[in-house]
Amino acid sequence: MRSNPCKTTRNKRKFVRLLAVCLLALVAAAMTPYLVSARPAPANVIRVAFASPDLGTGVSRAELVCGSGFSVGGTSGDGRSFAGRSSLAGGTVFVVPAGGGVSVQASNGEVLASSGAGEALSLRSAGGNLTLRCGGKEYVCPGFLEFRAVGGALQVVNAVERETYVKCVMSTEIGSAASRETRRAFSVLIRTVPMGQKHASNGFDVCATTCCQVYRGIFRRDAENDAIVDSTAGEYVTYEGAPIHCLYHGGNGGASCSSVAAWGGPEIPYLKSVSLPEDADNASEVWRYEFTQSELFDFLSSRSKFHGIRGGVESVRIEETDPEGSGYVTLLSVTDGDDNVFEVATSEKIRTALRFKSANFTVSYSMDAAVAVAGGAVEQVAVTQYVGADGETHAFESFADCPVAGADAVADVDRIAFDGVGTGHGVGFSAVGAEQLVEQGYSYKYLLQFYFPGTKISKLA
Ligand SMILES: [Zn+2]
């Protein structure tokens, strides 16, 4: 058995561990902040990108199906109106980049319509469903589609009326299981997100993924959610008159993560940590990842943030957590076997670096030890503590700790566990917490103002 010299534990930081547990496994949008201060008035048509070369999701070809034919033209004004110029018979057509513009082709390659270099080309249904297939996915699209060649690949944008967009996103981001008031709150959140215009510099408002919020066109829309959206028509969340940077997540374990802890940058008054102990009876969002020492080394070696890690892992330490007390880890250090230290700061970089469900976690180490029990039997038990030189017991804080102070280890600390709660970035509105507030009788407006303190509900004309 290998013998390790004992090391004095260091960085004995303590942080508040939030034991509350989450209720539901709802979809959480993993969004990054978009700190745009001056914005134009919210638009009645939302531009959503299914494919964008600027975001690394451009496509070489898109397939369009519409049985009743297509109107072909351009996009006028601010990119939110369709300007038809010609029509095509029903069937299947393909859109490809060509000569700096785009070309619409029949399946035999015949060119049916095209745009000049740098110009976009738009298509919409002449009646009935318009189905788009691109990037390995299929969407039934309301509104119209705009295609543009960017760097030799296609950008595909769906221009869709605002309230229709909200109804479509309801099915992917909240579904139909949550209470009516939580869904009403979500309808307001979903309407507010594109007003942030996170991708304005790319020529559209939002993308169709968890980067912004998931949009799949007309997908599992149901009459009940449509009616819920109608009940909040035009409502959105504002702070000092401007749409908020609207962030939501599945659950956070008892306190939302502050935006500063998640991404750094200046404090945003309505994105501070908000406490609401979440129901401990529901374990659906409590998670644990366990590794042996060698498994952890293999795992970290595969993650780009820890590129160059050598000689195994000596320790993973939580150095700092959200100063607002949420428990989200904001500074993590990994020391490798050659004493190189890798640090990752901000909770979202930590979550991404480790690919964990959230950055709200604790770290513990353990080892198996043979312990004599009653009757003279010996059992293998997991030991998580050691007796220090001060005579007190302490939790292991690295693989190099050993169970008896001042002596060589008789066995190695060889396991590490990450115990966490919540899903997603944990900033802003919590779906799990919202359900608890609804059970206490609160309305959707209260929910929104609880999670975004100091904000108001405004209404579009
Ligand atoms: Zn996005």
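The rules behind these values
Residues numbered from 1 in each chain as written. Predicted model: local features only at pLDDT ≥ 70, side-chain atom pairs only at ≥ 80, totals over all residues. Pairing = 2+ DSSP bridges. Helix = DSSP H or I, 4+ residues; strand = E, 2+ residues; numbered from the N terminus. Axes fitted to C-alpha atoms, helices over the stretch in contact; angles between N-to-C directions. Contact = placed C-beta atoms within 7 Å. Core = buried A, V, L, I, M, F, W, Y, C linked by C-beta atoms within 7 Å. Buried ≥ 20, exposed ≤ 12 C-beta atoms within 10 Å, placed from the backbone. Domains from an automatic or database assignment. Parallel < 35°, antiparallel > 145°, perpendicular 65-115°, else oblique. Left-handed = near helix turned anticlockwise from the far one by under 90°. Nonpolar A, V, L, I, M, F, W, Y, C, P; charged D, E, K, R; others polar.

**Thoughts on the sheet that holds strand E21 (residues 361–372)**
Reading across from one edge, E17-E25-E21-E22 is the order of the four strands in this open sheet, with antiparallel pairing throughout. Either end of the sheet is taken by a strand with one partner, and the two such strands are strand E17 (286–292) and strand E22 (378–383). This sheet shows a mean twist of 25 degrees between the axes of neighbouring strands, independent of strand direction. Bridge analysis of E21 against strand E25 (residues 415–421) gives six bridges, and the strand direction is antiparallel. Bridging from a neighbouring strand, phenylalanine 361 pairs with glycine 420 of E25. On the sheet, helix H5 (residues 293–301) packs against E17 and E25 and is oriented at approximately 105 degrees with respect to E17.

**Structural notes on the nonpolar core**
The biggest cluster of nonpolar side chains holds 107 residues, and the ones touching the most others in it are Val48, Ala49, Ala62, Leu132, Leu154, Val156 and Leu189. With six residues, strand E12 (residues 153–161) is the single largest residue contributor to this core. Mapping this core onto the domain boundaries places at least three of its residues in each of domain 1 (1–33 + 249–427) and domain 2 (45–162). Each residue touching valine 48, except ones within four places of it in the same chain, is listed here: Val157, Asn158, Val160, Tyr165, Phe204, Asp205, Val206, Ala208 and Tyr215.

**Considering the environment of alanine 353**
Counting through the fold element by element, alanine 353 comes out in helix H6 (residues 347–354). It is 5.9 Å that separates the C-alpha atoms of alanine 353 and lysine 305, two residues lying 48 residues apart in sequence.

**As for the environment of serine 333**
Considering the arrangement of structural elements, one finds serine 333 in strand E19 (residues 329–336). A C-alpha to C-alpha distance of 9.6 Å links serine 333 and glutamate 320, two positions 13 residues apart in sequence. Setting aside chain neighbours within four positions, we find serine 333 in contact with Arg317, Glu319, Val341, Phe342 and Glu343.

**Concerning the environment of aspartate 54**
Among the structural elements, aspartate 54 can be located in the loop between strand E1 (45–51) and strand E2 (62–66). Placed 101 residues apart in sequence, aspartate 54 and glutamine 155 show a C-alpha to C-alpha distance of 8.4 Å. Discounting residues that sit within four places of it in the chain, aspartate 54 has contacts with Val150 and Asn202.

**Overview of the packing of helix H1 (residues 162–173) against helix H3 (residues 223–231)**
For the pair H1 and H3, the least separation of the axes is 9 Å and the interaxial angle reads 135 degrees. Judged by the inter-axis angle, H1 sits oblique to H3. For H1 against H3, the interelement crossing comes out right-handed. Of the residues in H3, those in contact with Glu163, Val166, Lys167, Met170 and Ser171 of H1 are Asn225, Asp226 and Val229. Class assignment for the residues of the contact of H1 with H3 results in three nonpolar, two polar and three charged.

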